[in-house]
Amino acid sequence: MPPIDLSQLHLGQVSVDMIVPLRHRMLRQNLPLESARFPGDDAAATLHFAASDCGIPVCCLTLMAAEWEGRDAWQLRGMATAAEYHGQGVGRRLFAYAFSEARRRNVDWPMWCNARVSAIGFYQRVGWGVVSDEFEIPLAGPHVKMVYRGE
Ligand SMILES: CC(C)(COP(=O)(O)OP(=O)(O)OC[C@H]1O[C@@H](n2cnc3c(N)ncnc32)[C@H](O)[C@@H]1OP(=O)(O)O)[C@@H](O)C(=O)NCCC(=O)NCCS
């Protein structure tokens, strides 16, 4: 596939129903569709974001209110870019967009995530640091805890 024109992508807040198929394809392959719905998806504070190409989400992420070290924080969940769009800056762009939206709401909340070991490099490239040893999440494989430090 030729490089995509990032300016043609629309970034915005979406409903969880819009992104469940992409989550399922990229994060819960070979599991029931319902496995791509997470506890907290429908909580009032939860924010779902997508980068869409012609109305179809090609990258998604979710921010949930979840404590970090005893204080209010955002947990990043369900970060995924459609395979044919990998490595073209879509994930970086959507994360930057979501981060600025999160800051507008709660300026001082830290941000953390459970990152797949295979995605650590991505998070590091966009400003995150590893803060734990490796641990296993059932059905999702080896992970580490990471926190956003800023680019
Ligand atoms: C991880 C993922 C979301 C990255 O999305 P993406 O749109 O391909 O990322 P970008 O193109 O914006 O990459 C930003 C930078 O990270 C690098 N990068 C992307 N994925 C990487 C990876 N898995 N390992 C190391 N570096 C990676 C890119 O090369 C780019 O580097 P640059 O700063 O030199 O330009 C995507 O690969 C994906 O969906 N993977 C499968 C699902 C998954 O594992 N999600 C994470 C769950 S915790």
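Just above, that's the structure.
Each chain has its residues counted from 1, following the order in which its sequence is written. Local features are withheld for residues below a pLDDT of 70 in this predicted model, meaning they are given only at 70 or higher, and side-chain atom pairs are given and counted only at 80 or more; totals for whole chains, interfaces and linings count all residues. For side-chain calculations, the full set of non-hydrogen atoms in the structure is used, while hydrogens and water are omitted.

Caption draft 1: Spotlight on unusual backbone geometry. Within the chain, Asn 30 stands out as a residue other than glycine whose phi angle is a positive 70°. The exposure class of Asn 30 is exposed, given its relative accessible area of 78%. Not every positive phi belongs to a glycine, and Glu 69 is a case in point at roughly 50°. With respect to the element layout, Glu 69 can be found in the loop between strand E3 (56-65) and strand E4 (74-81). A relative accessible area of 70% means that Glu 69 is categorised as exposed. When a residue's accessible area, from a 1.4 Å probe over protein chains only, is under 20% of the maximum for its type it is buried; when over 50% it is exposed; and in between it is partly exposed. In this text, helices come from DSSP runs of H or I with a minimum length of four residues, and strands from runs of E with a minimum of two, each type numbered from the N-terminal end.

Caption draft 2: Here's a closer look at the pattern of salt bridges. By salt bridge we mean one thing: a side-chain nitrogen of Lys or Arg within 4 Å of a carboxyl oxygen of Asp or Glu. As enumerated under the stated definition, the model contains five salt bridges in all. Notably, a salt bridge pairs Asp 41 with Arg 23, separated by 2.8 Å at the nearest N-O pair. Note that Asp 41 is positioned in the loop between helix H1 (16-27) and strand E2 (47-53) and Arg 23 in helix H1, a separation of 18 residues in sequence. Given the relative accessible area of 7%, Asp 41 is considered buried. Judged by relative accessible area, which is 0%, Arg 23 ranks as buried. Between Glu 101 and Arg 105 there is a salt bridge, with the nearest N and O atoms lying 3.3 Å from each other. A residue pair is termed a helical-turn pair when its members lie 3 or 4 positions apart in one helix, as Glu 101 and Arg 105 do in helix H2 (residues 90-105) at four residues. Residue Glu 101 is classed as buried on the basis of its relative accessible area, which comes to 13%. Linked by salt bridges that have partners in common, Asp 17, Glu 34 and Arg 37 make up one network.

Caption draft 3: Examining the environment of Val 147 more closely. With respect to the element layout, Val 147 can be found in strand E8 (residues 141-148). Taking the C-alpha atoms as reference, Val 147 lies 14 Å from Arg 71; in sequence the two are 76 residues apart. When sequence neighbours within four positions are dropped, the list of residues in contact with Val 147 reads Trp 68, Met 111, Trp 112, Gly 127, Trp 128, Gly 129 and Val 131. Contact criterion: two residues are considered in contact whenever any of their non-hydrogen atoms come within 4.5 Å of each other.

Caption draft 4: Structural detail: the environment of Leu 47. Following the sequence through the fold, Leu 47 ends up in strand E2. Relative accessible area serves as the criterion here: at 5%, Leu 47 is assigned to the buried category. Those residues in contact with Leu 47, other than ones at most four positions away along the chain, are Gln 13, Leu 61, Thr 62, Leu 63, Trp 74 and Arg 105.

Caption draft 5: Looking closely at the packing of aromatic side chains. Aromatic contacts are taken between Phe, Tyr and Trp rings whose centres are within 6.5 Å, Trp giving its six-membered ring; a plane angle under 30 degrees counts as stacked, one over 60 as edge-to-face, and the others as tilted. One pass over the full model with this rule turns up 10 aromatic pairs. Plain terms: the ring middles of Phe 95 and Phe 99 are 5.9 Å apart, the flat faces sit at 40° to each other, and that makes the pair tilted. Linking Phe 95 with Phe 99, this pair stays in helix H2, spanning four residues, or about one helical turn. The exposure class assigned to Phe 95 is buried, which follows from its relative accessible area of 4%. Plain terms: the ring middles of Phe 95 and Tyr 148 are 5.0 Å apart, the flat faces sit at 70° to each other, and that makes the pair edge-to-face. One end of the pair, Phe 95, is in helix H2; the other, Tyr 148, is in strand E8, and 53 residues separate them in sequence. The pair Phe 95 / Tyr 148 is uniform in exposure class, with both members buried. Members of the aromatic cluster, each reached through a chain of ring pairs, are Phe 95, Phe 99, Phe 122, Tyr 123, Trp 128 and Tyr 148. The criterion is that NZ of a Lys, or CZ of an Arg, lies within 6 Å of the ring centre and within 35 degrees of the ring normal, and then a charge sits over that ring. Sitting above the plane of the Phe 38 ring, Arg 23 keeps its charged end 3.9 Å from the centroid.

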